[in-house]
Amino acid sequence: MSETTLEPSLRSGERDSRSDAARQPGERMLVRRAAVLGAGVMGAQIAAHLANANVKPYLFELAAEGKDKSASARKAIEALAKLEPGPLAAKSVAQQIVPANYDEHLALLGECDLVIEAISERMDWKKALFEKVAPHIAPHAIFASNTSGLSIGELAKSLPAALRKRFCGVHFFNPPRYMRLVELVPTPDTDPAVLDRLETFLTTTLGKGVIRAKDTPNFVANRVGVFSMLATMHHTAAFKLGFDEVDALTGPAIGRAKSATYRTADVVGLDTLAHVVKTMADTLPDDPWAACYQPPAWLTALIAKGALGQKTRAGIFVKKGKEIQVLDTAKGDYRPAAGAIAEEVQAILKEKDPSQRLAKLRASAHPQAQFLWAIFRDLFHYSAVHLAEIAHCARDVDLAMRWGFGWQRGPFELWQAAGWQPVAKWIEEDRAAGKTLAKAPLPAWVTDGRQGVHSPQGSYSAEDGTMRPRSTLAVYRRQLFPEQVLGEKPADRGTTVFEDESVRLWHQGDGIAIVSFKSKMHSAGVGVLQGLNRALDEAERHFDALVIWHEPPFAVGADLKAALEALKAGRLAEVDAMIALFQRTTQRLKYSLVPTVAAVEGLALGGGCEFAMHAQRVVAALESYIGLVEIGVGVLPAGGGLKEIAERSAAWAKGGDAFPELQRAFRQVATGEVSKSAEHAREMGYLKPSDVVVFHPAELLYVAKREARAMADTGVRPALAPAQIPVAGDTGIATLKMMLVNMKEGGFVSDHDYEIASRIAETLCGGEVDPGSVVDEQWLLDLERRHFVALAATPRTQERIEYMLKNGKPLRN
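Residues numbered from 1 in each chain as written. Predicted model: local features only at pLDDT ≥ 70, side-chain atom pairs only at ≥ 80, totals over all residues. Heavy atoms only, no water.

## Here's the deal with the overall build of the protein chain
The criterion, for reference: Put simply, DSSP marks the helices as runs of H or I at least four residues long and the strands as runs of E at least two long, and each gets a number from the N terminus on. Based on C-alpha atoms, the radius of gyration is set beside the globule rule, defined as 2.2 Å times the residue count to the power 0.38. Only protein chains enter the area calculation, which uses a 1.4 Å probe; residues under 20% of their type maximum are buried, those over 50% are exposed, and those in between are partly exposed. For this analysis, residues touch if any pair of their heavy atoms sits within 4.5 Å.
Assigned secondary structure in the protein chain consists of 29 helices and 25 strands. Whereas a compact globule of 813 residues would reach a radius of gyration of roughly 28 Å, the protein chain reaches 28 Å, a difference of no more than 12%. Across its three principal directions, the C-alpha atoms of the protein chain cover 80 × 65 × 60 Å. Of all 813 residues assigned to the protein chain, the portion counted as buried reaches 57%. Taking as baseline every contact in the protein chain between residues at least 6 positions apart, the subset at least 24 positions apart corresponds to 71%.

What follows is the structure in structure tokens.
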């Protein structure tokens, strides 16, 4: 069992100038085991994500009847494999979660370094559980309650005084693996060092964006986000818009998640949303917007009849057959969903200048435009009035809305981009005219002549009127390019060695060269390949190592547009030369005389996967989706991917028989399977056992450079090319083709799929040679290239490439 290290404690506002080596061992906290109390949807998924990070969790639930009292927890663990999106980085991770119950296993809590309570949002239930478990929690362990809005201070009252120092609130957002935000909520008794350690753990080990929230109802993100949803519901009715129409308006069109407003409500659960709204109503009776903290009548009616959203397969939206239908409140029934943005409003939303865009929405008489101005206005108004109460600074609000609700920009960023003082004037004009949802005036700081709340010096705090800088916790030094809010000082982008339209080679003065692709979706055209070769030349002459890193996606394969132009013109020799260049480039990555490290995040498909497979080391963000998907565009992997699979299958063979491994890999390539995480990619064979997985994407470059430096300093040399690779030959080809025949007869593959997969089989097996024959890498590379060019020349492959370029999805012809 691997151990997870919490970096040293560092209180907010204190700067630690010590190097990693200089920190005292006693400041570290090792997390060997954790416990999650409550095996509901959230609790089970939190346990899953702990297990993803190699922290072995006990998952507690009430004792079940019968012999197996942990049956309820065990059932919750089994259900994890069925959830979408999947909470497990790989299915095997579920084996690390240990089911437990409160009747038999409370003593296990004494083994845990971290205990997270995640039962239902009932104050009385939580307090009763606290009294039961508190005597069993280890004297060094951190205890945290996962709640979306209950008072952490009130919960703490049921704990012994000694444990209160190690207790706080920790609010994960659903689904915990994918949602970046975690709100960390202290009580007056919480030891600041505990918060620092927990923030470090959540950040680097679980990959979270942590916001220190105040102990106010619904904390930061839900307080602002749920108000925004309630305001949207109010204005939906006021402007007589349909729910589907509003979702068209409040999704990507304004920089928010695809699920927009009403689809988000269905996903969250209408009963859950109503509970959060009730918390606001019960705890904020004197709030200027208290009248808004009531669910609409139609929402109450849906809940009453059990239509709770996605979990009951009916809510605001319902799927009937293949048709998505939406609730029509006027008729009290569902109708086909067909909401769209009016052309006039679309034109306004395409305006690039944020100030002009907002001004035109306000000035337009179109109901959709007036609706959008109203929801922005009320969001800005609410956020400004409540800033001092709910958050330490404006940056916390903006990042919370990005990480917790999937917004591209938070409310203060949007306001600042649109022109701070003009928007403030419009809000006050509308308030005076009675158009806003509350009569509260804007705080005096809003209209003090400022041009915004974010600047290179920090973000505005309404607590004390200062500009708050970023946290100085040591863990954030691992984020070389942290996510920034509008107006912050840009991070130093290093010193450029050379740059052209395809790549940039640069460094940060530490002997590690970094090459970044600049092509669309970082596709590997001739310019990128030539630039990467030049970068390798420079690295071998002047640097200690080379890292491939850029913002995601990592790379999505070849430049299909250029390839199609050559194919349409009949320039097959040009295509052959491009593939040969690709192969030489990946081979150079593999055998470079300085260490090569691929820092992978997001999509690494086709040629992107092949770049990663040939780098001497891969450092991959957990959310990396890796695969050889060339069959979707009618060709086979020809950048060395099949060669690497044949070679790895031989090297990793169990009992000397490589064919089972080869057969598994063939299925992956022949179906274009993509990994569901970096750890899944390791199981698929695309990552090596020695490759590294990082949970926080902002730490990717830091860790990649550390790996490169360690390889260089320890004198790592490239492996020698294997002189002999045993292959399965014609017998292997025949066996793999039998699989294809069955798939074809079952209607699972088309004729062209069969043709492509047959060529994949021939390449993986080393061609028509005797079983057990040995070949070298060039033999396999030549097979790849020959079959690629032959397939590329066919009309059906060219149809697939053309369809992909036009529609962004594969054609099965």
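## Let's talk about the sheet that holds strand β15 (residues 458-460)
The line we're drawing: Whether two strands pair depends on DSSP finding at least two bridges between them.
Taken in spatial order, the 3 strands line up as β14-β15-β16 in an open sheet, and their pairing is antiparallel. Taken across any chain shown, the strands that pair with only one partner, and hence form the sheet edges, are β14 (454-455) and β16 (467-468).

## Overview of the nonpolar core
Spelled out, the test is: By nonpolar core is meant a set of buried Ala, Val, Leu, Ile, Met, Phe, Trp, Tyr and Cys residues that side-chain atoms within 4.5 Å join together.
Of all hydrophobic cores here, the largest spans 117 residues; its most connected members are Leu202, Ile645, Phe666 and Tyr686. Among the elements that take part in this core, helix α1 (residues 41-52) stands out by supplying 7 residues, more than any other. Beyond its immediate stretch of four places on either side in the chain, Leu202 contacts Val170, Phe172, Val182, Leu184, Gly207, Lys208 and Val210. Core analysis: the second largest hydrophobic core is formed by 113 residues, Leu230, Val246, Met280 and Ala440 among them.

## Let's talk about the confidence of the model for the protein chain
Spelled out, the test is: A score from 0 to 100, pLDDT tells how confident the predictor is in each residue.
On average, residues of the protein chain carry a pLDDT of 94, and 96% of them reach 70 or more. pLDDT under 50 marks residues 1-27. Its contacts with residues more than four places away, or in other chains, come to 65 contacts.

## Section: the state of the cysteines
Which entries qualify depends on this criterion: Disulfides are defined as pairs of cysteine sulfur atoms found within 2.5 Å of each other.
Inspection of every chain in the model, using the stated rule, returns 0 disulfides. Among the cysteines around Cys393, which has no disulfide bond, Cys168 carries the closest sulfur, lying 19 Å off. In this structure Cys393 comes out as buried when scored by relative accessible area, which is 3%. Free cysteine: Cys609, not disulfide-bonded; nearest cysteine sulfur from Cys765 at 19 Å.

## Quick word on the packing of helix α18 (residues 526-542) against helix α20 (residues 572-591)
Quick note on the threshold: Here the axes come from fitting lines to C-alpha atoms, over the contacting stretch only for helices, and the angles between their N-to-C directions go from 0 to 180 degrees. For classification purposes, an angle smaller than 35 degrees is called roughly parallel, one larger than 145 roughly antiparallel, one from 65 to 115 roughly perpendicular, and anything else oblique. Each crossing gets its handedness from the near helix: less than a right angle anticlockwise from the far helix is left-handed, clockwise is right-handed. Ten residues, namely Ala, Val, Leu, Ile, Met, Phe, Trp, Tyr, Cys and Pro, are considered nonpolar, four, namely Asp, Glu, Lys and Arg, are considered charged, and the remaining ones, Gly among them, are considered polar.
Viewed as axis vectors pointing N to C, α18 and α20 meet at an angle of 30°, and their least axial separation amounts to 10 Å. Considering their axes alone, α18 and α20 lie roughly parallel with respect to each other. Like other packed secondary-structure pairs, α18 and α20 cross with a definite hand, here left-handed. Contacts between α18 and α20 involve Val526, Leu529, Gln530, Leu532, Asn533, Leu536, Asp537 and Glu540 on the former and, on the latter, Met578, Leu581, Phe582, Thr585, Arg588 and Leu589. Per-class residue counts for the contact of α18 with α20 are 8 nonpolar, 3 polar and 3 charged.

## Some details on the packing of α20 against helix α21 (residues 607-614)
Running from amino to carboxyl end, α20 crosses α21 at an angle of 30°, the nearest separation of the two axes being 8 Å. Considering the angle they form, α20 stands roughly parallel to α21. From α20, Phe582, Thr585, Thr586, Gln587, Leu589 and Lys590 reach across to α21, where they touch Gly607, Glu610, Phe611 and His614.

## Here's the deal with the sheet that holds strand β21 (residues 596-605)
The mixed open sheet is built from 7 strands, whose spatial order is β17-β18-β19-β20-β21-β22-β23. Looking along the sheet, the strands with just one partner apiece sit at the ends: β17 (495-499) and β23 (692-694). Within this sheet the neighbouring strands show an average axis-to-axis angle of 25°, counted without direction. Across 8 bridges, β21 lies against strand β22 (residues 617-627) in parallel orientation. Bridge pairing in β22 places Ala599 opposite Val619. Most of the contacts of helix α25 (residues 700-713) go to β22, to which it runs at about 145°, and overall it touches β18 (503-507), β19 (512-517), β20 (545-548), β21, β22 and β23.

## Considerations on the environment of Gln530
Checked against the element boundaries, Gln530 lands in helix α18. Considered as a pair, Gln530 and Glu413 are 117 residues apart in the sequence and their alpha carbons are 40 Å apart.

## Digging into the packing of aromatic side chains
Basically, it comes down to this: In summary, the pairing rule links any two rings of Phe, Tyr or Trp, Trp by its six-membered ring, whose centres are within 6.5 Å, and it sorts them by plane angle into stacked for under 30 degrees, edge-to-face for over 60 and tilted for everything else. Here, over-ring charges are defined by two tests on the NZ atom of lysine or the CZ atom of arginine: distance to the ring centre within 6 Å, and angle to the ring normal within 35 degrees.
What the rule picks out here adds up to 23 aromatic pairs. Every member of this aromatic cluster is reached through a ring pair, and the members are Phe376, Phe380, Phe412, Trp415, Trp420, Trp445 and Tyr460. One residue, Arg493, lies across the ring of Phe481, its end atom 4.3 Å from the ring centre.

## Looking at α20
Since the α-helix turns once every 3.6 residues, residues separated by three or four places project in the same direction. Stated formally: One less than the residue count of a helix, multiplied by 1.5 Å, gives the span that helix is expected to have.
The end-to-end C-alpha distance of α20, which contains 20 residues, comes to 29 Å, matching closely the 28 Å that a straight helix rising 1.5 Å per residue would cover. Along α20, the residues classified as buried are Val575, Met578, Ile579, Ala580, Leu581, Phe582, Gln583, Thr585, Thr586, Gln587, Leu589 and Lys590.

## Side note on the pattern of salt bridges
Counted only if it meets this: Criterion for a salt bridge: a side-chain nitrogen of Lys or Arg within 4 Å of a carboxyl oxygen of Asp or Glu.
For the coordinates displayed, the defined rule picks out 57 salt bridges. One salt bridge in this structure joins Glu623 and Arg177, with 2.8 Å as the shortest N-O distance. Highlighted residues: Glu623 in strand β22 and Arg177 in the loop between β8 (167-172) and β9 (181-185), separated in sequence by 446 residues. Overall, Arg177 belongs to the buried group, its relative accessible area being 4%. Each of Arg362, Arg377, Asp378, Lys425, Glu429 and Asp430 takes part in salt bridges that share partners, so that together they form one network.

## Section: unusual backbone geometry
Peptide bonds are mostly trans, and most non-glycine residues show a negative phi. Cis geometry marks the peptide bond from Asn174 to Pro175, where omega comes out at 0°. By the element assignment, Pro175 lies in the loop between β8 and β9. Residues Pro552 and Pro553 are joined by a peptide bond in cis, for which omega reads 5°. Along the chain, Pro553 falls in the loop between β20 and α19 (560-568). For Asn54, which is not glycine, the phi dihedral falls at a positive 65°. Inspection of the secondary structure assignment puts Asn54 in the loop between α1 and β4 (56-61). The exposure class assigned to Asn54 is partly exposed, which follows from its relative accessible area of 42%.

## Quick notes on the side chain of Asp266
Locating Asp266 in the fold gives a position in helix α9 (residues 262-268). Ignoring sequence-local partners within four residues, the contact set of Asp266 consists of Leu308, Gly309, Gln310, Gly315, Ile316 and Phe317.

## Some thoughts on the environment of Val503
Topologically, Val503 is positioned in strand β18. For the pair Val503 and Leu480, spaced 23 residues apart in sequence, the C-alpha to C-alpha distance is 20 Å. Beyond its immediate chain neighbours, meaning those up to four positions away, Val503 contacts Phe498, Val515, Ser516, Phe517, Lys518, Val528 and Gly531.

## With respect to the environment of Leu628
Position of Leu628 relative to the elements: it lies in the loop between β22 and α22 (641-651). C-alpha of Leu628 to C-alpha of Asp189: the two residues are 439 residues apart in sequence and 53 Å apart in space. Not counting the four nearest positions on each side in its chain, Leu628 is found in contact with Gly606, Cys609, Glu610, Met613, Pro637, Gly641, Ile645, Val669, Gly672, Glu673 and Tyr686.

## Overview of the side chain of Ser675
Applied cut-off: A 3.5 Å cut-off defines polar contacts: any pair of N or O atoms within that distance qualifies, except that in protein one atom must be a possible hydrogen donor and the other a possible acceptor, and neighbouring residues in sequence count only when both atoms are side-chain atoms.
When you line up the elements, Ser675 lands in the loop between α23 (659-671) and α24 (678-684). A polar side-chain atom of Ser675 sits 3.4 Å from the main-chain carbonyl oxygen of Ser624. Excluding residues that lie within four positions of it along the chain, Ser675 makes contacts with Ser624, Tyr625, Ile626, His680, Ala681 and Met684.

## What about helix α28 (residues 777-792)?
In a regular helix each residue adds 1.5 Å, so 16 residues correspond to 22 Å; α28 covers 23 Å between its end C-alpha atoms and thus fits that length. All of the buried residues in α28 are Glu777, Leu780, Leu781, Leu783, Glu784, Arg785, His787, Phe788, Val789, Leu791 and Ala792.

## Details of the pairing of β19
Side-chain direction in a regular strand flips from residue to residue, so the side chains alternate between the two faces of the sheet. In terms of residue burial, β19 counts as a mostly covered element, since 6 of its 6 residues are buried. In β19, alternate side chains face the same way, and those of Ile512, Ile514 and Ser516 on one face and Ala513, Val515 and Phe517 on the other are all buried. Pairing analysis gives 5 bridges linking β18 to β19, with the strands arranged antiparallel. Across the sheet, residue His507 finds its bridge partner in β19, namely Ala513.

## Description of the pairing of strand β6 (residues 114-117)
For the record, the criterion: Crossover handedness is defined here as right-handed if the route from the first strand over the helix to the second strand goes clockwise, with the strands pointing away from the viewer.
By the alternation rule, side chains of β6 split into Leu114 and Ile116 and Val115 and Glu117, which are all buried. Note: strand β3 (residues 33-37) against β6, 4 bridges, orientation parallel. In the strand pairing of β6, Ala35 is matched with Val115. Here 4 bridges tie β6 to strand β7 (residues 142-145), and the two strands are oriented parallel to one another. Each bridged residue has a counterpart across the sheet, and for Leu114 the counterpart in β7 is Ile142. Chirality of the crossover, the property in question, places the unit of β6, helix α3 (residues 123-133) and β7 among those that are right-handed.

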